[in-house]
Amino acid sequence: MDVLVVLRQVPDLVEDLELNAAGTDLERDSLKYVLNEFDDWALEQALLLKEKNGALVTVLAPDLPEADTSLYTALAKGADRAAKVSGDFVLTRSSHALADILAPAIRVLPHDVVLTGVQSAEDLDGQLAVLLGSYLGYPAVSVVTDVAVDGSSLIVRKEFAGGLCAEYEVALPCVLGIQAAVRTPRYAPVSRVRAVSKEKKIEVLSAGGIRESDLRIVAFRKPEGGRRADMITGDPDSVAQQIVAILRQRGLLKRSSE
Amino acid sequence: MLTPAEKIAFLCLAAVTLGLATRNAFLILRAIGRGQGQPNWPVIKRTLPRRLARLAVQVGLTRPVWRQRPLVALLHYLLFAAFSFYVLVNLSDLAEGYLAGYQTLHRGGIVAAFNVVADTLSVLGIGAMAALLVRRFVIRDRRFAFRSNVLLYPRVKAGGIQRDSLIVGGFILLHVGSRWLGQACQLAASGAPDVSEPLASLLARALQPVSPALLEVGVHVTWWMALGLILLFLPYFVRSKHIHIFFGPVNWLLYPDDRATRVGLRESEAKSGNSTGRGATRLEDLGWRQVLDAYACIMCNRCQDVCPAYAAGTPLSPSALEINKRYWLNDHLVEFAAGKTSSEGLLDFALSKEAVWACTTCGACVEVCPVGNAPMLDIVAVRQALIEAGSELDPGLQKALESFAKHGNSFGQSARARIRWTTGLPFKIKDARKEPVDYLWFVGDYAAFDPRSQQVTRLVAQLLNAAGIDFGILYDGERNSGNDVRRVGEEGLFELLAEQNLEQLAKAEFREGIITTDPHSMHALRYEYATRGQSFRVRHYTQVLADLLRTGRLSAGHALAYRATYHDPCYLGRYNRVFDAPRQICALLGVDLVEMPRNRASSFCCGAGGGQVWQASRLGGERPSEARIREALATLGSNGPSQRGVPLFLVACPKDYAMYTDAVKTSGNEGKIVVRDIGELVAEAVGLGIEEASLGRRAR
Amino acid sequence: MAGVMVLAEHLNGVLADLSFELAGKGRAMADALAEPLDVAVLGAPTLASEFGVADRVIAVTNTTLEVYSPTAYRAALAQLIREYQPRLVLVGNTSIGMDLAAAVSAELSLPLVSYCTGLRIDDGQIVATAQLYGGKVLVDALPATDHCIVAVLAGSFPADAGRRPGQPSIERRELAGVTSGGIRFRRLIQPEAGDVDITRQDILVSVGRGIQSQENLEGVEELARALGGELCASRPIVDNGWLPKSRQVGKSGLTVRPRLYLAVGVSGAPEHLEGMRGAECIIAVNSDPSAPIFEVADYGVVADLFEIVPALTDRLKQ
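As the structure is a computational prediction, the values presented were derived from the model and not from experiment.

Considerations on the overall build of chain C
Inference 1: Secondary structure assignment for chain C yields 8 helices and 17 strands.
Inference 2: Dimensions of chain C, computed from C-alpha atoms along their principal axes, come out at roughly 60 × 45 × 35 Å.
Inference 3: Residues counted as buried form 61% of the 318 residues belonging to chain C.
Inference 4: Taking as baseline every contact in chain C between residues at least 6 positions apart, the subset at least 24 positions apart corresponds to 62%.
Inference 5: Within chain C, one finds 27 positive and 38 negative side-chain charges whose respective centroids are separated by 4 Å.

Overview of the overall build of chain B
Inference 1: Secondary structure summary: chain B contains 32 helices and 9 strands in total.
Inference 2: For chain B, the C-alpha radius of gyration of 30 Å lies close to 27 Å, the compact-globule estimate for 700 residues.
Inference 3: Overall, the C-alpha framework of chain B stretches about 100 × 60 × 45 Å when taken along its three principal axes.
Inference 4: As presented, chain B carries roughly 26100 Å² of accessible surface, and 61% of it is formed by carbon and sulfur atoms.
Inference 5: On chain B, the mean spot of the 79 positive side-chain charges and the mean spot of the 63 negative ones are 1 Å from each other.

Describing the side chain of Asn409 of chain B
Residues and elements named next belong to chain B.
Inference 1: In this fold, Asn409 is placed in the loop between α21 (395-407) and β1 (430-431).
Inference 2: The buried category is assigned to Asn409, whose relative accessible area is 0%.
Inference 3: From its side chain, Asn409 meets the backbone nitrogen of Gly412 in a polar contact 3.2 Å long.
Inference 4: The residues touching Asn409, leaving out its near neighbours within four places in the chain, are Ala400, Ser403, Phe404, Ser414, Ala415, Arg418, Asp445 and Phe449.

A closer look at the interface of chain C and chain A
Inference 1: Counting residues at the interface gives 82 residues for chain C, matched by 82 residues for chain A.
Inference 2: The contact between chain C and chain A buries some 7200 Å² in all, and 56% of this surface belongs to carbon and sulfur atoms.
Inference 3: At the junction of chain C with chain A, the criterion picks out 9 salt bridges.
Inference 4: Salt-bridge contacts for Arg221 of chain A lead to Asp140 of chain C; the nearest nitrogen and oxygen are separated by 2.8 Å.
Inference 5: For the pair chain C and chain A, the number of links is 34 residue pairs in polar contact (both at pLDDT 80 or more).

Examining the packing of helix α2 (residues 70-84) of chain C against helix α3 (residues 95-108) of chain C
All names here are of chain C.
Inference 1: Put simply, α2 and α3 touch, their axes get as near as 9 Å, and they point 50° apart. Comparing their axes, α3 and α2 come out oblique. When you trace α2 past α3, the crossing you get is right-handed. Judged by residue contacts, Pro70, Tyr73, Arg74, Leu77, Ala78, Ile81 and Arg82 of α2 engage Asp99, Leu100, Ala103, Val104, Glu107 and Leu108 from α3.

Topic: the confidence of the model for chain C
Inference 1: Mean pLDDT over chain C works out to 89, with 96% of the residues at or above the 70 mark.
Inference 2: Within chain C, strand β1 (residues 4-7) of chain C carries the highest mean pLDDT (98), whereas helix α6 (residues 270-276) of chain C carries the lowest (73).

Quick word on helix α28 (residues 580-589) of chain B
Inference 1: Residues of α28 of chain B that are buried include every one of Ala581, Pro582, Arg583, Ile585, Cys586 and Leu589 of chain B, and no others.
Inference 2: Just past α28 of chain B, the residue Gly590 of chain B takes up positive phi, approximately 80°.

Quick look at the interface of chain A and chain B
Inference 1: If you look at the interface, chain A gives 20 residues, while chain B gives 25 residues.
Inference 2: For the pair chain A and chain B, the two sides together bury roughly 1800 Å², of which 41% comes from carbon and sulfur.
Inference 3: On the surface where chain A and chain B come into contact, there are 2 salt bridges.
Inference 4: Between Arg416 of chain B and Glu15 of chain A there is a salt bridge, with the nearest N and O atoms lying 3.3 Å from each other.

Some words on the environment of Leu79 of chain B
Inference 1: Within the secondary structure, Leu79 of chain B is located in helix α4 (residues 70-98).
Inference 2: Leaving out residues up to four positions away in the same chain, Leu79 of chain B has contacts with Gly125, Ala128, Met129, Leu132 and Ile172 of chain B.

A look at a nonpolar patch on the surface
Residue and element names in this part refer to chain B.
Inference 1: A contiguous nonpolar patch, built from Val87, Leu88, Leu91 and Leu94 and spanning about 350 Å² of accessible area, is present on the exposed surface.
Inference 2: Here Leu88 lies in helix α4.
Inference 3: Given the relative accessible area of 46%, Leu88 is considered partly exposed.

Concerning the nonpolar core
Inference 1: Counting residues in hydrophobic clusters, the biggest one holds 173 residues, and the most contacted among them are Leu401 and Trp441 of chain B.
Inference 2: Ranked by residue count, the leading element in this core is helix α16 (residues 318-337) of chain B, at 9 residues.
Inference 3: Look past the residues within four positions of Trp441 of chain B in its chain and what remains in contact with it is Trp421, Thr457, Val460, Ala461, Leu464, Phe471, Gly472, Ile473, Glu478, Ile515, Thr516 and Thr517 of chain B.
Inference 4: Ala42, Leu115 and Leu132 of chain A together with Val60 of chain C belong to the second largest nonpolar core, which has 103 residues in total.

Here we look at the packing of helix α10 (residues 244-254) of chain B against helix α13 (residues 288-296) of chain B
All names here are of chain B.
Inference 1: Contact pair α10 / α13: the axes reach a minimum separation of 8 Å and the direction vectors enclose 145°. For the pair α10 and α13, the sense of crossing is left-handed. On α13, the residues touching His244, Phe247, Gly248, Val250, Asn251 and Leu254 of α10 are Trp288, Arg289, Leu292, Asp293, Tyr295 and Ala296.
Inference 2: For the contact of α10 with α13, the class distribution of residues is 7 nonpolar, 3 polar and 2 charged.

Some words on the environment of Leu19 of chain A
Inference 1: Among the secondary structure elements, Leu19 of chain A is positioned in the loop between β2 (9-11) and β3 (33-35).
Inference 2: By relative accessible area, Leu19 of chain A is classed as partly exposed at 26%.
Inference 3: With 73 residues separating them along the chain, Leu19 of chain A and Thr92 of chain A place their C-alpha atoms 16 Å apart.
Inference 4: Setting aside chain neighbours within four positions, we find Leu19 of chain A in contact with Asp25, Leu26, Glu27, Phe220, Arg221 and Lys222 of chain A together with Val137 of chain C.

Section: the sheet that holds β1 of chain B
All names here are of chain B.
Inference 1: What the 5 strands build is an open sheet, ordered β1-β3-β2-β4-β5; its pairing is parallel. The sheet is open, and its two borders are formed by β1 and β5 (538-540), each paired with just one other strand.
Inference 2: Relative to strand β4 (residues 510-516), strand β2 (residues 437-442) runs parallel, the two sharing 5 bridges. Pairing of Tyr439 across the sheet is with Gly513, part of β4.
Inference 3: Docked against the sheet, helix α26 (residues 519-528) engages β2, β4 and β5, running at close to 165° with respect to β5.

Examining the side chain of Glu6 of chain B
Residues and elements named next belong to chain B.
Inference 1: When you line up the elements, Glu6 lands in helix α1 (residues 4-33).
Inference 2: From its side chain, Glu6 meets the backbone nitrogen of Thr3 in a polar contact 2.9 Å long.
Inference 3: For Glu6, the residues in contact, after removing those within four places along its chain, are His220 and Trp224.

Examining the packing of aromatic side chains
Inference 1: Counted according to the given criterion, the structure contains 31 aromatic pairs over all chains.
Inference 2: Between Tyr168 of chain A and Phe185 of chain C, the aromatic rings sit 5.7 Å apart at their centres with planes inclined by 70°, giving edge-to-face as the arrangement. Placement of the pair is Tyr168 of chain A in strand β9 (residues 165-171) and Phe185 of chain C in strand β12 (residues 183-189), with the two residues belonging to separate chains.
Inference 3: Take Phe185 of chain C: its relative accessible area is 23%, and that puts it in the partly exposed class.
Inference 4: Pairwise contacts between aromatic rings join Phe10, Tyr98, Trp223 and Trp224 of chain B into one cluster.
Inference 5: The cationic tip of Arg163 of chain C hangs over the ring face of Phe20 of chain C; the distance from NZ or CZ to the ring centre is 4.4 Å.

A short note on the sheet that holds strand β10 (residues 174-178) of chain A
Inference 1: Within the open sheet, the 10 strands sit side by side as β11(A)-β5(A)-β4(A)-β1(A)-β6(A)-β10(A)-β7(A)-β8(A)-β9(A)-β12(C). Their pairing is mixed. The open sheet is flanked by β11 (203-206) of chain A together with β12 of chain C, the only strands paired with a single partner. Between one strand axis and the next, the sheet turns through 30° on average, direction left out of account.
Inference 2: As judged from the 7 bridges shared by strand β8 (residues 153-159) of chain A and β9 of chain A, these two strands associate in the antiparallel manner. If you follow Glu159 of chain A over to β9 of chain A, its bridge partner there is Cys165 of chain A.
Inference 3: Where helix α1 (residues 37-53) of chain A meets the sheet, its contacts fall on β1 (2-6), β4 (56-62), β6 (113-117), β7 (140-150) and β10 of chain A, and the angle it forms with β6 of chain A comes to roughly 145°.

What counts and what doesn't
- Residues numbered from 1 in each chain as written.
- Chains lettered and ligands numbered in written order.
- Predicted model: local features only at pLDDT ≥ 70, side-chain atom pairs only at ≥ 80, totals over all residues.
- Heavy atoms only, no water.
- Helix = DSSP H or I, 4+ residues; strand = E, 2+ residues; numbered from the N terminus.
- Buried < 20%, exposed > 50% of the residue type's maximum accessible area, 1.4 Å probe, protein only.
- Contact = heavy atoms within 4.5 Å.
- Lys, Arg positive; Asp, Glu negative; His and termini not counted.
- Charge placed at Lys NZ, Arg CZ, Asp CG, Glu CD.
- Rg over C-alpha atoms; globule rule 2.2 N^0.38 Å.
- Areas by Shrake-Rupley, 256 points an atom, 1.4 Å probe, with all protein chains shown as cover.
- Polar contact = N/O pair within 3.5 Å; in protein donor to acceptor, adjacent residues only side chain to side chain.
- Buried area = accessible area lost by both parts, 1.4 Å probe.
- Salt bridge = Lys/Arg side-chain N within 4 Å of Asp/Glu carboxyl O.
- Axes fitted to C-alpha atoms, helices over the stretch in contact; angles between N-to-C directions.
- Parallel < 35°, antiparallel > 145°, perpendicular 65-115°, else oblique.
- Left-handed = near helix turned anticlockwise from the far one by under 90°.
- pLDDT = per-residue confidence, 0-100.
- Patch = residues over 30% accessible without salt bridge, like charges linked within 9 Å, V, L, I, M, F, W, Y side chains within 5 Å.
- Core = buried A, V, L, I, M, F, W, Y, C linked by side-chain atoms within 4.5 Å.
- Nonpolar A, V, L, I, M, F, W, Y, C, P; charged D, E, K, R; others polar.
- Pairing = 2+ DSSP bridges.
- Phe/Tyr/Trp six-rings, centres within 6.5 Å; stacked < 30°, edge-to-face > 60°.
- Lys NZ or Arg CZ within 6 Å of the ring centre and 35° of its normal.

Structure, rendered in structure tokens:
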């Protein structure tokens, strides 16, 4: 079986995110990119399938900053083949556009199933996994927490709120949005990543035209208040009263109001 | 004088047993040779006179043995003296057996002196051996026991150590006892006591009623019991723990000169490859010295006594590791020496995986070992192999490693956040990469990121500034030094961090050297970057502060009347031998410093080192940091606040600051003892504390 | 054609709270646009009567939709949108909504805003506010066409507004052509009866060292119950064995992003902050005014937790 994993670089949320002068985007020049954490789980799921079912694992990334690092790390962890789609889409926040760019690349790479993270920090216009399903014409399931091979189809566990899960049998080829796997993503020793980046090559595919977004950005803005505690003072009961007021205002009292 | 038949018999026996012993000795040497790397002969040759002189002192006084257990060390010394002297005694006895007319009794001069010593040491030796046997088999000193969660090689579990101890002990008693009895028989047969052997003479008097013929038989039998026994047991001795009398000194002789490199990881061996990559999966993947360690080990468990991981109830016992290696080798010596791949991995017989990850790399086991072993290094090598093999890691550890690779710190914070601690300082710290400075201050992760330490770091900055020190930092260019990363076994990541730091350091110009806050950084920069063609003069901030106070560049406004104890950080004390600077500061500031029982090189680890600080706590017993607070309270008297205020627990390492502030809380000792950094103390004496308070840190 | 269409979310015969949040907000948007509100209930016609707030409930009776199927739901929703041409479609940004919104958006070329926490009408146009980058940035976006679909984060709007009684017209539809395609439902798996998964809780009450002893946990537990949340803790509490490891937040524990994180007696060691920084609203109670937890908290109380906890519990029970 051939497993293809889409790895996507996203801004590192550990950094202070600055907004651009126009307030319509992040200040992209100062951004640091890291692999979307859910994509790391998708890769882990692929590697687990490889270990169990002897799958060939190909990793594919849009050529965003630091994509090579993520691809080499994936190779070091056990992926067999790595490719990236090059093109000038650093400023594209649209998941539709990304899916549109990735779908043709996926078609030319070996795959029975496409895995990617269930969501990322910047899919404003929808999650990539499901969009890839649409652009490829494959069935797609998101919020997947376990995948097993059953003959020519997959048994997929999807999770709902509150820990309730459902099991589906999904025909191949398909796309899965991975939320978690049975084990946490493995560690890739730095020395191996370095060795792999000398030994192995990343194939480069070029992107077609970039699809225009059908959303207009009015504003990027920071949530008000920021992260500095507003101090609540008073006697215990008055403090309690104020806390309850805050909870009510934020709609956090819903359960007790049932 | 032996009969001709006896002479021939003895020679035949000697030929057989010496042959067997030689074979065993060669097997062992070949086994040691299977370890990675080899002794640095040119250096050893060049420094041989100094090494031999050092060895003579080390061994002559059995100096390393005295660090712990004084009574046992005394008994050991008596045995050591008796045994050493018995080399002469045995030669003399051999001569008596073979050379007609040669005898030592009833002679004067030097021979009489020889007799006095031999006679006294015989009895003392027998007494000491008997006492040690009583300790092991009658009193059953529990320091010989291993906790049930420690992995033991089957033969060890089955009582191998006791058996060998009994054999060795029994041999010594028989050998020395027989010789002494033989002297008594000779004296009794001669009919006159010899003042040069007063004790044997006493026994001889008791033997007077025995017939001369029987005494003659006694002389022969005891000769055989004394010397024949040596031959008989030689092939066994080579494989027994008694061989420490040879490999212990060899270990000391071949050890690096420098104390710090002794505890530190050795570049050549850490990197020496085996076919599967870095680190050790099997015994033969370890350095040659680590294999030698197994033969030098006398199984005294001193290392287990001082190991913080063992004390905390983890399945790690450094002595069990060496002992397991040794008994495994005993069982597999022929194949191993022949170069066959070991049938079992280290994790199968030497130590459990849990034990591997429990080590704090505090170096206490290395420091205490009387025969110069370094079990800690085996553990790091096994970690390297586990990391290399992609073994599942503790989630906290993995997160930390990933954070190091991504951000250069374990706090999961942006590299840019590294200088947040400087916010609010009344002056701007120079960027050493942009303008030349005298000192480069390598601040380190905990000092820069941990809010508990940030205030101390600000104070140290203000102190340096107040003293007019021209210093700068690397700003967001600094990365973790990689010291602990390396001890976790992530050698590749260590290299990456070292490269990144060296690149930044290359951009900086600092005339006088580096100052570090974190002793772990100090060690890495001082010793472990050196092999990358860089060598730095690295000083700890306590050393700098001590100098500034001594030279008057900082002057203490008033004496501090605190009562305090000081905790030596492992990487400052044991690893870098900085013991005095913090103590000098205390003395200069008028602090009443009381030493804990475990101080200086015997300091007890806080439990954070070697990557433990990132791992989920896996301890069953009392945490090392809490045990240490208990020790401090016992030292200072736990009466709580006195007229001198609440006593202080002084630290000089940001990790200690975090660990012990926690430990004071978790052990329920808040209000009884306060954790303070040496830097805070100096700041208070100099009168800087107020400024820090006015920075309005955190309080809103 | 116009109007607002809300997709009701249900599983196992139970309507999610979110459905009412969407219906309530849908009502407000419909009123503002002076257009009707439709609520679509797929595969569970008996639930149709719950939506008094709507002008019309479209109850799809196709039995394929009785259990949730990504493909069948997608086809059904797409068909409804095609037919009714709503100007605004509201779905949850949930496990179900994530399957549907993007797919329908792609299939119908319908602009989509995900992670929506706010909706307003500006100059007659719908502006959706999305919470991106771990909540660090809010993005106001405007669909480039007249129609759009919005995936709303649970808890963004009050559910009460969607529970109004009323007499909507109920339109039953079969949508016979809808099938489950390449995805076959096999079974539901109930969460294991073991400990709760704190990473999935909306409300967490976290205890730290300030709690002092295990016995004191009881009071905090009661507070958690009153809030409808669960208890979690910082490392020392778990190390002491007072709570299981599954409750540990932070570096060596779990990373949580609840809507409310109420920290009592948690000083906020960096190892801990790492695991909860992403919470939407953090309230900290600690007796030490310099406790670093106040650096990340939205609201702070410098007080003895043993006074605040019972007072708050009482208030909540009222």
